[in-house]
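# Working through the structure, step by step
Chain residues, written in single-letter form:
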Amino acid sequence: MADSRPTTAIEAVESGLAAQGYIASRQIATAVYLSQQIDKPILVEGPAGVGKTELAKAIAAWRGLKMIRLQCYEGLDEAKALYEWKYAKQLLYTQILKDKLGEVLGEAQTLDAALGQLHAFGDVFFSKEFVEPRPLLQALEQPAGCVLLIDEIDKSDAEFESLLLEILSDFQVTIPELGTVSAVAPPTVILTSNSERDLGDALKRRCLHLHIGFPEQRLEERIVESRVPGISQTLRKQMVGFIHEIRTLDLKKLPSVSEAIDWARVLVLLQASELDHEIVRDTLNVLLKYEADIEAATPQISAFIAKASRQGVFS
Amino acid sequence: MRENLHRFFRAARGAGVRVSPAESIDAMRAVAEVGFADRAILRDTFLLTLAKTQDEKRSLGDCFDLFFSQPEPPQESSEQNETDDENDSGANPEADAHGDATGDAQGENVGPLAQMLLSQDRTAISAAIANASSAASLSDIRYFTQRGIFQTRILNAMGIERLRDDIDDQTAGNPALAERLQEALNDLRGTVRDAVSQALLLYGREEAENLRNEILRNAPLARIEPRQVEQMRAVIRQIARRLRERFSKPRKRQRRGHLDVRRTLRRNAAWGGVPFLTAWKRKHRDRPKIVALCDVSGSVARVSDFFLLLIHSLHEVVDDVRSFAFSGHLIEVSDILESKSPEEAMKEIMSKVGFGSSDYGNSFADFENGWMSAITPQTTVIVLGDARSNNLDPRADILRRIGERSKRLVWLNPEGRMVWGFGDSEMPRYATFCSVVRQCATAQQLERAVSDIVATYQ
């Protein structure tokens, strides 16, 4: 087993994602590679805005697959996630087919005979035509496979988790009236969670568990570079250094990668060539989302800029 | 290699990562995909498949580094060792093989172990130690008291008998050689001791922790030593986690198949009552509402501390907790507990009301004047205290009114039933107004008490 095949395959994943503008760390690439090899969903945890959802999008774009997204929220149930009977259509059809039914049943003399004839028609109204597929069932029905993103699973109820178990481990669902529907091609499943509540062990057991934290400085610079190409190298180094300093503070909501990208865009838009006290103070609301956080960070701005610039000189 | 993986899983369990058989199968499939060539990838693979929380990732990472920092026994020889019967006393086959390779310098009349030591072939020695360890099933080590016996077993498996004989033989004829051998033997003992200690660190942690937790769970909370407080908090957090998992069920339950006729008709009024949209019956389930009154005087303080910690880490299970602390008088402490770490919160509470002599009557009066409206017919009121009121007026009448307003009134007393009613204990008088009275001195009793309270709402 000691060949270099996996290493090159993982590097291929990395460069494939990079081509879609997603700079993945080695661990993320390993997770994506493994999930493909052993057909397991990936459960991605981490603070908001580190690119959990982006990962799924990047995988879908890289492999040229359709992405099906299921946004979880409290009260989400199987009717909205899995399938639903098209009740109105069933009702409409019975109304339209009333005459037809009358014809069929007209010959029958007794109630028993009529029932018998009805039975002979089978479950016409509970067939595939009357099933409204929701994201999970849609994902199983994609002939070419797809990327199924189950976003913010921690927002859903605990019982919804149990509903997912069958899909996650066997890529199939059981509809009582129709039987078991298996996946045409097993989809790549990505679940994301903000750790708002602890997920059940049964769910975790079925997944590869990937934790994405805040990236290292180098990696973040590369991410910013790929997302905001117009930014100069010195400014990029400075702003990423500055954000890393901000993250050492005790804040309500630390700025994450998405905020870093937004800030880089803003700085480019304002045509800043390097960070100074004024521009940081004016644009701090892009990075920090709470008044208290901004107040806590403002007195430190000058010191952080100085630190970030010094780093730039040496590296 | 499979043997090594199994040993690693066992070590991972020792490090507190819960590795189920299914997970180990997944991990093995994953490892078969990535291979052993790149250690960083292998590490990532284990972190992805085995660890399910960030804490687990951290401890598994440490465990991985520790585990693979020791040289692995080469595959062929370990298998050979398994098939071989335990030939402890004599020279074992690997040692023989190495002996042939290096047996040119120091004369043929010393044993293979001696030759190996003299040749100072470090890799051969560590390989021999590893083989001897697996022969002595070192990975079964659980307690630190077993260190000596495993050390002896490993040394025996390596052929230390023969080495001693060699030293005895050479003392007369070749004292310099004997001295070198003696020195090498001492070094070897040291190396084996280190190997055993490392194994204990890897494999023994789980068992040691279980034993300690078991003892802690049954130790009286009021009298645990300060150095154990931190461990006790960990135990309480575990209990809280268990309770959360058991009771955090959804509040609304759809009862499939039970049509809510009234709501269906109302919803479809626009279509002349033709039921296009259906409404189904739902079952509502209350989450517990808890009001806790905790005595923080003297000996009860510590129990209150742990009790409050437990109650306040049950967010998913319990809807609404209001906690009050009292000794001489009573204050509300919910905000303090919510906003601060357990240590700081307790310190602040103690500085505000602690360390007085307890006055139950006065404290109940405070509660009635200030917060009686907090009690609704859905509320469970929990009083934690020893009911020793220093012969002051017990004001049991207030307790009666509290009991009447609430769903249940539970009294948890850290003292044993035997001493209730003796001295200044007012317990019998209070007990008549309580729905349940329990002794609650250890973590285990605490868990049962809280679990029963929550269970009444299910």
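Treat the numbers as computed from the prediction; the structure is a model and nothing was measured. Sequence order sets the numbering: in each chain, residues are counted from 1 along the sequence as written. For this description, chains carry letters from A and ligands carry numbers from 1, given in the order in which they are written. Given that this is a predicted model, residues contribute local features only at a pLDDT of at least 70 and side-chain atom pairs are listed and counted only at 80 or more, while totals for whole chains, interfaces and linings are drawn from all residues.

Here we come to the overall build of chain A. Runs of H or I in DSSP of at least four residues are treated as helices and runs of E of at least two as strands, each being numbered from the N terminus. Check the secondary structure of chain A and you find 16 helices and nine strands. The buried share of chain A, reckoned over its 315 residues, is 33%. Contacts here follow a simple rule: the backbone-placed C-beta atoms of the two residues must lie within 7 Å. The long-range share in chain A, meaning contacts at least 24 apart out of those at least 6 apart in sequence, stands at 79%. Residue burial is a threshold on neighbouring C-beta atoms within 10 Å of the residue's own C-beta, all placed from the backbone, with 20 or more meaning buried, 12 or fewer meaning exposed, and counts in between meaning partly exposed.

Let us look at the sheet that holds strand 3 (residues 289-295) of chain B. Residue and element names in this part refer to chain B. As summarised here, the arrangement of the six strands in space is 5-4-3-6-7-8, forming an open sheet in which the pairing is mixed. Each end of this open sheet is capped by a strand with a single partner; those strands are strand 5 (330-332) and strand 8 (436-439). When strand polarity is set aside, the average angle formed by the axes of neighbouring strands in this sheet is 20°. Looking at chain direction, strand 4 (residues 320-326) and strand 5 are connected through three bridges and run antiparallel. Paired strands, as defined in this entry, are two strands with at least two bridges between them according to DSSP. To obtain each axis, a line is fitted to C-alpha atoms, and for helices this fit is confined to the stretch in contact; angles are then taken between N-to-C directions over 0 to 180 degrees.

What follows covers the interface of chain A and chain B. Taken together, the contact between chain A and chain B spans 27 residues of the former and 28 residues of the latter. For the side of chain A that touches chain B, the secondary structure elements donating two or more residues are helix 1 (5-19), helix 2 (26-38), helix 5 (87-96), helix 9 (158-170), helix 10 (201-205) and strand 9 (208-211) of chain A. Counted by class, the side of chain A that touches chain B contains twelve nonpolar, seven polar and eight charged residues. Think of it as three bins: nonpolar holds Ala, Val, Leu, Ile, Met, Phe, Trp, Tyr, Cys and Pro, charged holds Asp, Glu, Lys and Arg, and polar takes everything else, Gly as well.

Moving on, we come to helix 2 (residues 21-34) of chain B. Helices are assigned an expected span. That span is 1.5 Å times one less than the residue count. Compared with the 20 Å implied by 1.5 Å per residue over 14 residues, the 20 Å span of helix 2 of chain B between its first and last C-alpha is a close match. Restricting attention to buried positions, one finds in helix 2 of chain B the residues B:Glu23, B:Asp26, B:Ala27, B:Ala30, B:Val31 and B:Val34. Mapping the buried residues of helix 2 of chain B onto a view down its axis gives an arc of 135°, with all of them on the same face. Among the exposed residues of helix 2 of chain B, those oriented more than 90 degrees off its buried face are B:Pro21, B:Ala22, B:Ile25 and B:Ala32. Lining the buried residues of helix 2 of chain B we find helix 1, helix 2 and helix 10 of chain A together with helix 1 (2-14) and helix 3 (39-49) of chain B. Where helix 2 of chain B terminates, the next one or two residues include B:Gly35, which has phi positive at roughly 75°. The directions from the helix axis to the C-beta atoms form the arc being described.

For the rest of this paragraph, the subject is unusual backbone geometry. Its identity is not glycine, yet A:Gln271 carries a phi of approximately 55°, on the positive side. With respect to the helices, strands and loops of the structure, A:Gln271 is situated in the loop between helix 13 (257-269) and helix 14 (277-287). The class of A:Gln271 is exposed, set by 7 C-beta atoms lying within 10 Å. Despite not being glycine, B:Ser137 shows a phi value in the positive range, around 40°. You can see B:Ser137 is positioned in the loop between helix 8 (122-135) and helix 9 (147-158). Judged by local crowding, B:Ser137 falls into the exposed class, with 10 C-beta atoms found within 10 Å.

Residues and elements named next belong to chain B. Across the interface, helix 10 (residues 160-173) lies against helix 11 (residues 175-203) with an axial gap of 7 Å and an inter-helix angle of 155°. Relative to helix 11, the element helix 10 is oriented roughly antiparallel. Between helix 10 and helix 11 lies a crossing of left-handed hand. Here Leu163, Asp166, Ile167, Gln170 and Thr171 of helix 10 come into contact with helix 11, specifically with Pro175, Leu177, Ala178, Leu181, Gln182 and Leu185. Of the residues belonging to the contact of helix 10 with helix 11, the class tally is seven nonpolar, three polar and one charged. Reported orientations rely on four angle classes, namely roughly parallel under 35 degrees, roughly antiparallel over 145, roughly perpendicular from 65 to 115, and oblique for the rest. Crossings are classed by handedness, with left-handed meaning an anticlockwise turn of the near helix from the far one by less than a right angle and right-handed meaning a clockwise turn.

Right, let's get into the nonpolar core. Side chains of nonpolar character tend, in soluble globular proteins, to be buried together. What makes a nonpolar core is a set of buried Ala, Val, Leu, Ile, Met, Phe, Trp, Tyr and Cys residues, with links drawn between C-beta atoms within 7 Å. Ranked by size, the top nonpolar core spans 126 residues in total, and within it A:Leu136, A:Ile190, A:Leu210, B:Ala12, B:Leu60 and B:Ile154 carry the most contacts. Ranked by the residues each element gives to this core, the list is headed by helix 11 of chain B, at nine residues. Each residue touching A:Leu210, except ones within four places of it in the same chain, is listed here: A:Ile28, A:Ala31, A:Ile42, A:Leu43, A:Val44 and B:Leu48. With 61 residues, the next largest nonpolar core counts B:Val333, B:Leu409, B:Met427 and B:Ala449 among its residues.

All names here are of chain B. Axis separation between helix 7 (residues 112-119) and helix 11 bottoms out at 10 Å; the angle between their running directions is 90°. In this view, helix 7 runs roughly perpendicular relative to helix 11, as classed from their interaxial angle. Contacts between helix 7 and helix 11 involve Ala114, Leu117 and Leu118 from the former and Arg180, Leu181, Ala184 and Leu188 from the latter. When its residues are assigned to classes, the contact of helix 7 with helix 11 shows six nonpolar, no polar and one charged.

Once that is clear, we can look at the sheet that holds strand 8 (residues 188-193) of chain A. Residues and elements named next belong to chain A. In space, the five strands of this open sheet follow the order 2-5-8-1-9, with parallel pairing throughout. Looking at which strands have only one partner, the edges of the open sheet turn out to be strand 2 (66-71) and strand 9. Taking each pair of neighbouring strands and ignoring which way they run, the sheet shows an average axis angle of 20°. Across four bridges, strand 1 (residues 42-45) lies against strand 9 in parallel orientation. Following the sheet pairing, Glu45 is matched in strand 9 by His211. Contacting strand 1, strand 8 and strand 9, helix 2 crosses the sheet at an angle of about 165° to strand 9.

Another aspect to go through is the pairing of strand 8 of chain A. All names here are of chain A. The buried count for strand 8 comes to six of six residues, which makes it a mostly enclosed element. With burial as the criterion, each face of strand 8 is covered, one bearing Thr188, Ile190 and Thr192 and the other bearing Val189, Leu191 and Ser193. Strand direction decides the pairing type here: strand 1 and strand 8, joined by four bridges, are parallel. In the strand pairing of strand 8, Leu43 is matched with Leu191.

Residues and elements named next belong to chain B. Along the chain, the position of Arg205 falls in helix 12 (residues 205-217). Along the chain, Arg205 and Ala15 lie 190 residues apart, while their C-alpha atoms are 6.3 Å from each other. In this structure, Arg205 is in contact with Gly14 and Ala15, ignoring residues within four places of it in sequence.

What follows is about the confidence of the model for chain B. Residues and elements named next belong to chain B. Predictor confidence is given residue by residue as pLDDT, running from a minimum of 0 to a maximum of 100. Averaged over all residues, the pLDDT of chain B equals 79, while 87% of them reach at least 70. When the criterion is pLDDT under 50, residues 72-107 qualifies, and its contacts beyond four places in sequence or with other chains add up to 58 contacts. As scored by the predictor, the complex reaches a pTM of 0.67 and an ipTM of 0.81.

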